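# Coordinate inspection notes
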Amino acid sequence: MEAKIIRILLIEDNPADAFLLQQTLRDAEWATFEFTHTERLSSGLQLLKTNPFDVILCDLGLPDSSGMETVRQLHLKAPGLPIFVLTGLADEALGASAVQEGAQDYLVKGQTDSTSLARAMRYAIERKRAENERDRFFTLSLDMLCIATTTGYFKRLNPAFEKALGYKSEELMAKPFIDFVHPDDRAKTLGQIKQLNEGQTTVKFENRYLCKDGSIKWLSWTASPFLQEGLVYAVARDITENKQHEQGIRTSLEEKELLLKEIHHRVKNNLQVISSLLQLQAGYIKEPEFRAMFAESQDRIKSMALIHEKLYQSRDLARIDFGEYIRSLVRMITRSYPTKGGVRVTVTSDPILLNIDTGVPVGLILNELLSNAFKHAFPQDRSGDVHVVLENKKELGYRLIIKDDGIGLPTDFVLNSTNSLGLRLVKILTDQINATLEFESVSGAEFRLTFREVKV
Ligand SMILES: Nc1ncnc2c1ncn2[C@@H]1O[C@H](COP(=O)(O)OP(=O)(O)OP(=O)(O)O)[C@@H](O)[C@H]1O
Ligand SMILES: [Mg+2]
């Protein structure tokens, strides 16, 4: 198998050491080492800009740099490359801090033979490759990933942060991150930090950050504390567009609600105008029979207008509390029959919401049946009771019962063959909503309408 080519940047100001090193690695089997040698850190950093390398080998003490600064500079410039410190200083603590600064290994000159140096390099290249792979999660993620201290400072930020907020990482790490939070969100953000410090995680916490250009970004946070090291690992997602989208939807929803309210209001008003027109017209009618017909038509229109009035008042503009509607309709119809003072109407209702396509026909049916009770059940100012019951029969649907304890239906009463308008209307509307209507006449009349909400 052909030996691999490993391109080494060797930064070593002592030419003898540099030569010795190149000799040492010449015999390695698994690779051929190609050296680029320079004596100063600055020229090494320059070379890194223009040439691809696989490994950096550097001495700590250079004419233009010494100690950890050398490693820090190289790691900053080439975070993806394994750095080997090769120095005359046999100092383990220094070695440890070199590794903390990003070096892969710290080898002491004269204490490392070619085999172990070549092996250490091979392992370091593999380790670095795996590390880079993991690191790309951090650097390439579109989400904003960061490590922060529990004291409120960013410790490490991925490029997505800079992109989203417009600040350099150094700027973001230089002051407490709460300073970048929108003033109105600082209190709740501090609340979250407190919870993290108590070991709780943060899930989908939303707050606003102030960007460098003065704009505001909405961020959704998920964070986990790692208290043993006083750290917090957090992911933020820029949800500004969603928020704007949500706001847009909310505004257009509010507009639509306003419009719908307006429509119901106008329909209600127009129906009332029609009812008033009928009232006016009725004023010119002499025959009480015909006047009564006009009055009933008015009630029919009013029962529809009432649906729109209730819809206009309802929270979701789509459904009305039908029990409440029944009570208003009863009050309205009772007013239409002032002479029937002895008739008491009670209303019992399960909590049921109905849409307009069900409310209007059922409201009209109720209007007919209730007017009939007033008109026909208690002749000669007889007093009595009318019970209106609305039940939720679950699988069977809803049931509306109008029961009076009046004189009862005529003996020859046949629902399907009445030729009077009232019950014909009831029949038509019942069929229209696929409902069933039952009646009986035992100690008064009882009508039971079983229906389901009309699907629109
Ligand atoms: N609750 C009731 N108690 C007694 N009789 C009733 C009752 N409801 C209806 N009826 C009888 O059924 C008949 C038909 O009722 P329907 O509502 O169709 O006509 P109407 O009330 O007489 O006139 P309109 O067409 O104006 O409603 C009534 O004339 C009445 O005799
Ligand atoms: Mg009638």
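Quick note: structure is the one above.
Keep in mind that this is a model prediction, so the values were computed, not measured.

### Some points on helix α3 (residues 68-77)
Within α3, burial applies to Met68, Thr70, Val71 and Leu74. With its buried residues spanning 155° around the axis, α3 presents them on a single face.

### Remarks on the site of ligand 1
Around ligand 1, the structure places 18 residues, and the nearest of them are Glu296, His376, Ser420, Gly422 and Leu423. Taking Lys375, its side chain carries an N or O atom lying 3.0 Å from an oxygen atom of ligand 1. Between ligand 1 and Ser420, the relevant distance is 2.5 Å, taken from an oxygen atom to a side-chain nitrogen or oxygen of the residue. In isolation ligand 1 exposes 590 Å². Once the protein is present, 83% of that is buried. A molecule is said to occupy a pocket when more than half its atoms come within 2 Å of that pocket's grid points, and by this definition ligand 1 occupies the second largest pocket. Taken together, the elements giving at least two residues each to the shell around ligand 1 come down to α10 (288-313), α12 (356-377) and α13 (421-432). Across the shell around ligand 1, the residue classes break down as 8 nonpolar, 5 polar and 5 charged.

### Side note on the layout of surface pockets
Within this model, the largest pocket holds a volume of roughly 1,300 Å³. Looking at the largest pocket, it is lined by 36 residues, and the ones nearest its centre are His75, Pro79, Asp135, Phe138 and Arg156. Taken together, the elements giving at least two residues each to the lining of the largest pocket come down to α3, α4 (92-100), α5 (114-140), β6 (144-149), β7 (154-157), α6 (159-165), α7 (169-174) and β10 (231-238). In terms of residue count, α5 provides more of the lining of the largest pocket than any other element does, 7 residues in total. Here the lining of the largest pocket is built from residues that sort into 15 nonpolar, 9 polar and 12 charged. One number sums up the size of the second largest pocket: a volume of about 620 Å³.

### With respect to empty space enclosed by the protein
Across all of its chains, the model carries 1 cavity of 30 Å³ or more by this definition. In this structure, the largest cavity encloses a volume near 230 Å³. For the largest cavity, the lining is made up of 19 residues, of which Phe177, Ile193, Leu196, Trp221 and Val232 are closest to its centre. By residue number, the principal contributor to the lining of the largest cavity is helix α8 (residues 186-197), which donates 5 residues. Grouping the constituent residues of the lining of the largest cavity by class yields 12 nonpolar, 7 polar and no charged.

### A word on the sheet that holds β6
Spatial ordering of the open sheet is given by β7-β6-β10-β9-β8, a layout of 5 strands whose pairing is antiparallel. Edge positions in the sheet fall to β7 and β8 (202-210), since each of these pairs with one other strand and no more. Mean inter-strand twist for the sheet, computed between neighbouring axes without regard to direction, equals 30°. By the bridge criterion, 8 bridges tie strand β9 (residues 216-226) to β10 in an arrangement that is antiparallel. Along β10, the bridge assignment pairs Ser224 with Tyr233.

### Brief notes about the nonpolar core
Across soluble globular proteins, nonpolar side chains have a tendency to be buried as a group. One finds Phe322, Ile326, Leu370, Leu400, Phe447, Leu449 and Phe451 to be the most contacted residues of the largest nonpolar core, which totals 45 residues. Broken down by secondary-structure element, the contributors of at least two residues to this core are α10, α11 (322-336), α12, β14 (384-392), β15 (398-404), α13 and β17 (445-451). With 10 residues, the top contributor of residues to this core is α12. Setting aside its immediate chain neighbours within four residues, Phe451 contacts Leu354, Thr358, Val362, Leu390, Leu396, Gly397, Tyr398, Leu400, Ile433 and Ala435. If you look at the next biggest cluster of nonpolar residues, it comprises 26 residues, including Cys146, Phe161, Tyr167 and Leu219.

### Focus on the pairing of β8
Bridging between β8 and β9 involves 7 bridges; their strand directions are antiparallel. In the sheet register, Arg208 faces β9, and the bridge partner there is Trp218. Hairpin connection of β8 to β9: 5 residues between the antiparallel strands, including Gly214 at a positive phi of 90°.

### Some details on the environment of His264
Take His264: it is sitting in helix α9 (residues 240-282). Ignoring sequence-local partners within four residues, the contact set of His264 consists of His308, Leu311, Tyr312, Leu317 and Ile356.

### Focus: the pairing of strand β3 (residues 55-58)
Alternating positions in β3 separate into two faces, Val55 and Leu57 on one and Ile56 and Cys58 on the other, with burial throughout. Sheet topology note: the strand β1 (residues 4-11)/β3 ladder contains 4 bridges and is parallel. Residue pairing for β3: Leu9 is matched across the bridge by Ile56. Pairing analysis gives 3 bridges linking β3 to strand β4 (residues 83-87), with the strands arranged parallel. By the bridge assignment, Ile56 is partnered in β4 with Ile83. Regarding the hand of the β-α-β motif, the stretch spanning β3, α3 and β4 is right-handed.

Cut-offs used in this document
Residues numbered from 1 in each chain as written. Chains lettered and ligands numbered in written order. Predicted model: local features only at pLDDT ≥ 70, side-chain atom pairs only at ≥ 80, totals over all residues. Heavy atoms only, no water. Buried < 20%, exposed > 50% of the residue type's maximum accessible area, 1.4 Å probe, protein only. Helix = DSSP H or I, 4+ residues; strand = E, 2+ residues; numbered from the N terminus. Arc of directions from axis to C-beta. Near = heavy atom within 4 Å. Polar contact = N/O pair within 3.5 Å; in protein donor to acceptor, adjacent residues only side chain to side chain. Areas by Shrake-Rupley, 256 points an atom, 1.4 Å probe, with all protein chains shown as cover. 1 Å grid on protein atoms, 1.4 Å probe; cavity = no way out; pocket = protein on both sides within 12 Å on 5 of 7 lines; lining within 4 Å. Sits in = over half its atoms within 2 Å of the grid points. Nonpolar A, V, L, I, M, F, W, Y, C, P; charged D, E, K, R; others polar. Points joined across faces, edges and corners; volume = space filled by probe spheres on them. Pairing = 2+ DSSP bridges. Axes fitted to C-alpha atoms, helices over the stretch in contact; angles between N-to-C directions. Core = buried A, V, L, I, M, F, W, Y, C linked by side-chain atoms within 4.5 Å. Contact = heavy atoms within 4.5 Å. Right-handed = clockwise from strand over helix to strand, strands pointing away.

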